Amino acid sequence: MNKQEIILQLEQYVRNLHQGDSSGHDWYHIDRVRNLAVHIAEKENANVFIVECAALVHDVIDDKLHDDLASQKIQLENILKELLNNSEEVNEVLYIIENISYKGGNGVIPTSLEGKIVQDADRLDAIGAIGVARTFAYGGKKNRSMYNPDFKIRENMTIEEYRSDQSSSLHHFYEKILKLKDLMNTKVAYEIANERHQFVENFIDQFMKEWNFKI
Ligand code: NI
């Protein structure tokens, strides 16, 4: 199987898996992250094939999306072994997707350039206009309000606190989204992040202006 065919097979697998997701992690999120990741990989002279494979499967074993992570992981491992037929590449891809999660700011930075790139691409899709839309979509899925002025903004959360309900979508911007710009690993991603970050700040300003409207 050539590389293009492998990518097509992975696409098919991931499309089916993310079908019907309404938490902001649908196939189109995967596709955007893949496009961003390939773009960065080309500019950074990274291994584009590994980056593309990892970007495509980066949310397959995420605890936000699946309850049974262990069997999800075994399934993915088997598919990668079958398609790639190269244990080094399989391990590279698995290493990347297990080391890119944000997890309340306590997340790690992957050591490989390819991993850094996929992490950047995933985070870029959480900023900007799409990032705003995804924040509210995810908040709705978690039964969070758009904004609740009674909640405090939480710093230095544990993963349990981060996933808990004492937050609103607007708080999520401060607890995660606005921090992403300075966590970018590559220069290419940082430049894209800067513009998207500015959009989010403008959005919050306008949101608060409308929220506090008085005659
Ligand atoms: Ni993702």
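The preceding data block contains the structure.
This is a predicted model, so every value here is computed, not measured.

**Things to note about the overall build of the chain**
Phase 1 of the analysis: Summing up its helical and strand segments, the chain has 10 helices and 0 strands in all.
Phase 2 of the analysis: Going from the N terminus to the C terminus, the chain shows its helices and strands as α-α-α-α-α-α-α-α-α-α.
Phase 3 of the analysis: Here the C-alpha atoms of the chain give a radius of gyration of 18 Å, agreeing with the 17 Å that 2.2 N^0.38 yields for 215 residues.
Phase 4 of the analysis: Overall size of the chain, expressed as C-alpha extent along the three principal axes, is 65 × 35 × 30 Å.
Phase 5 of the analysis: Looking at the chain as a whole, 48% of its 215 residues are labelled buried.
Phase 6 of the analysis: Partitioning the contacts of the chain with sequence separation of at least 6, the portion at a separation of at least 24 is 62%.

**So, the coordination of the nickel ion**
Phase 1 of the analysis: Every protein donor of the nickel ion is accounted for by H29 (NE2), H58 (NE2), D59 (OD) and D122 (OD), and the metal-donor separations fall at 2.1 to 2.4 Å.
Phase 2 of the analysis: One can describe the site at the nickel ion as irregular: its 4 donor atoms subtend angles covering 84 to 168 degrees at the metal.
Phase 3 of the analysis: One chain supplies every donor to the nickel ion, and in sequence these donors are spaced H-x28-H-D-x62-D. Of this pair, H29 sits in helix α2 (residues 27-43) while H58 sits in the loop between α3 (48-56) and α4 (69-84), and the two are 29 residues apart along the sequence. Considered together, H29 and H58 belong to a single accessibility category, that of buried residues.

**Remarks on the pattern of salt bridges**
Phase 1 of the analysis: Within the structure shown, the criterion is met by 9 salt bridges.
Phase 2 of the analysis: Where R34 meets E11, a salt bridge forms, and the shortest distance between an N and an O atom there is 2.9 Å. Here the residue R34 occupies a position in helix α2, and E11 occupies one in helix α1 (residues 3-18), the gap between them amounting to 23 residues. For the pair formed by R34 and E11, the shared burial category is buried.
Phase 3 of the analysis: The salt bridge involving K73 is made with E98; its shortest N-O contact spans 2.8 Å. Placement of the pair is K73 in helix α4 and E98 in helix α5 (residues 87-98), with a sequence separation of 25 residues.
Phase 4 of the analysis: With a relative accessible area of 28%, K73 lands in the partly exposed category.

**Topic: α1**
Phase 1 of the analysis: Here α1 is 16 residues long and its end C-alpha atoms lie 22 Å apart, about the 22 Å a rise of 1.5 Å per residue gives.
Phase 2 of the analysis: Of all the residues in α1, the buried ones are I6, I7, L10, E11, Y13, V14 and H18.
Phase 3 of the analysis: Elements in contact with the buried residues of α1: α2, α3 and α4.
Phase 4 of the analysis: By the N-cap criterion, in which a side-chain oxygen at the helix start approaches the backbone nitrogen of a residue two or three places on, α1 is capped by N2, the distance to Q4 being 3.1 Å.
Phase 5 of the analysis: Looking one or two residues beyond α1, the residue adopting positive phi is G20, at roughly 80 degrees.

**Remarks on the environment of A121**
Phase 1 of the analysis: Along the chain, A121 turns up in helix α6 (residues 113-124).
Phase 2 of the analysis: Here A121 falls in the buried class, since its relative accessible area comes to 0%.
Phase 3 of the analysis: A C-alpha to C-alpha distance of 10.0 Å links A121 and I30, two positions 91 residues apart in sequence.
Phase 4 of the analysis: Beyond its immediate stretch of four places on either side in the chain, A121 contacts V33, L36, A37 and I40.

**A word on the side chain of S168**
Phase 1 of the analysis: Tracing the chain through its elements places S168 in the loop between α8 (159-163) and α9 (169-175).
Phase 2 of the analysis: Within polar-contact distance, the side chain of S168 engages the backbone nitrogen of N148 at 3.4 Å.
Phase 3 of the analysis: Of the polar contacts made by the side chain of S168, one reaches the side chain of H171; its length is 2.6 Å.
Phase 4 of the analysis: Not counting the four nearest positions on each side in its chain, S168 is found in contact with R144, S145, M146, Y147, N148 and F151.

Reading the values: the criteria
- Residues numbered from 1 in each chain as written.
- Predicted model: local features only at pLDDT ≥ 70, side-chain atom pairs only at ≥ 80, totals over all residues.
- Heavy atoms only, no water.
- Helix = DSSP H or I, 4+ residues; strand = E, 2+ residues; numbered from the N terminus.
- Rg over C-alpha atoms; globule rule 2.2 N^0.38 Å.
- Buried < 20%, exposed > 50% of the residue type's maximum accessible area, 1.4 Å probe, protein only.
- Contact = heavy atoms within 4.5 Å.
- Donors = N, O, S within 2.8 Å, 3.2 Å for Na, K, Ca; no water.
- Tetrahedral: all angles 85-135°; square planar, octahedral: opposite > 155°, others 65-115°.
- Salt bridge = Lys/Arg side-chain N within 4 Å of Asp/Glu carboxyl O.
- Expected span 1.5 Å × (residues − 1).
- Polar contact = N/O pair within 3.5 Å; in protein donor to acceptor, adjacent residues only side chain to side chain.

Any link to function would need more than the numbers given here.
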